[in-house]
Amino acid sequence: MSTASIEIRDTAFDHPDSEALRAAQRIEIDARYGGDTEPGTKPSASDVPVFVVAYDESGRPVGCGGLRQLDDVSAEIKRMFVTPDARGTGVSVAVLRALEERARSRGWSTLRLETGTAQPDAVRFYEREGYTLIPNFGAYAGAAESLCYERRL
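Here the structure is a predicted model, which means the values were calculated and not measured.

A closer look at the overall build of the chain
Summing up its helical and strand segments, the chain has 3 helices and 7 strands in all. Considering only C-alpha atoms, the chain reaches an extent of 45 × 35 × 30 Å along its principal axes. Counting across all 153 residues of the chain, residues that qualify as buried make up 46%. Contacts spanning at least 24 positions in sequence make up 66% of the contacts within the chain whose residues lie at least 6 apart. Just so you have it, the chain exposes about 7300 Å², and 51% of that area is on carbon and sulfur atoms. Charge-centre separation for the chain: the mean point of 19 positive side chains lies 2 Å from the mean point of 24 negative side chains.

Below is the structure:
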């Protein structure tokens, strides 16, 4: 799968493809951490106005991600996920770039995110893509398994 064959579509948070990808992510997170460790309010269709799904050349959903507004100039990346079989094919970069583009179009100049200590692959990805480790923010403050990152667009 090449990045040229990846299609990014704006998709509702509660669309069936979005739900299926988020469910797969939940299974992986639960396996890595032994259960749900996310502090704070879980994202929902009412507070994630931007959500994208990546589709491969066959039309299969293979990745997703969303944005939740934090303040007038910043948003948090939520539920970024790529199916294991599509990792390393450019899907994650395509989803991240789409989210960054949508943030800019809304006037958001900073993106933040939380990942975890049991996700070294995600840490490497975000650092490679220019995200910088910051003190844990919001509900993640004091969360021992949380790592927070930020990028000014």
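Notes on unusual backbone geometry
With a phi close to 55 degrees, Arg 79 is a non-glycine residue in the positive phi region. Along the chain, Arg 79 falls in strand 4 (residues 74-82). The exposure class of Arg 79 is buried, given its relative accessible area of 16%.

A few points about the nonpolar core
If you look at the biggest cluster of nonpolar residues, it comprises 26 residues, and the most contacted ones within it are Leu 67, Ile 77, Met 80, Val 91, Leu 99, Tyr 126 and Tyr 131. When residues of this core are traced back to their parent elements, those giving at least two are strand 2 (50-55), strand 3 (61-69), strand 4, helix 2 (91-105), strand 5 (110-116) and helix 3 (120-128). Per element, the largest residue contribution to this core is 6 residues, and it comes from helix 2. Once residues lying within four places of it in the same chain are set aside, the contact partners of Leu 99 are Val 50, Val 52, Gly 65, Gly 66, Leu 67, Ile 77, Met 80 and Leu 111. Listed in part, the 8 residues of the second largest apolar core include Val 48, Tyr 55, Cys 64 and Phe 81.

A closer look at the packing of aromatic side chains
In the structure shown here, the tally under the stated rule is 4 aromatic pairs. Ring centres of Phe 13 and Phe 51 lie 5.3 Å apart, and the angle between their planes is 85 degrees; this geometry places the pair in the edge-to-face category. Placement of Phe 13 in the loop between strand 1 (7-10) and helix 1 (16-33) and of Phe 51 in strand 2 is noted, with a sequence separation of 38 residues between them. Summarising the burial analysis for this pair, Phe 13 and Phe 51 share the class buried. Members of the aromatic cluster, each reached through a chain of ring pairs, are Phe 125, Tyr 126 and Tyr 131. A cation over a ring is seen here: Arg 22 above Phe 13, with NZ or CZ 3.7 Å from the ring centre.

Rules and cut-offs
Residues numbered from 1 in each chain as written. Predicted model: local features only at pLDDT ≥ 70, side-chain atom pairs only at ≥ 80, totals over all residues. Heavy atoms only, no water. Helix = DSSP H or I, 4+ residues; strand = E, 2+ residues; numbered from the N terminus. Buried < 20%, exposed > 50% of the residue type's maximum accessible area, 1.4 Å probe, protein only. Contact = heavy atoms within 4.5 Å. Areas by Shrake-Rupley, 256 points an atom, 1.4 Å probe, with all protein chains shown as cover. Lys, Arg positive; Asp, Glu negative; His and termini not counted. Charge placed at Lys NZ, Arg CZ, Asp CG, Glu CD. Core = buried A, V, L, I, M, F, W, Y, C linked by side-chain atoms within 4.5 Å. Phe/Tyr/Trp six-rings, centres within 6.5 Å; stacked < 30°, edge-to-face > 60°. Lys NZ or Arg CZ within 6 Å of the ring centre and 35° of its normal.

Nothing here speaks to function; it is geometry throughout.
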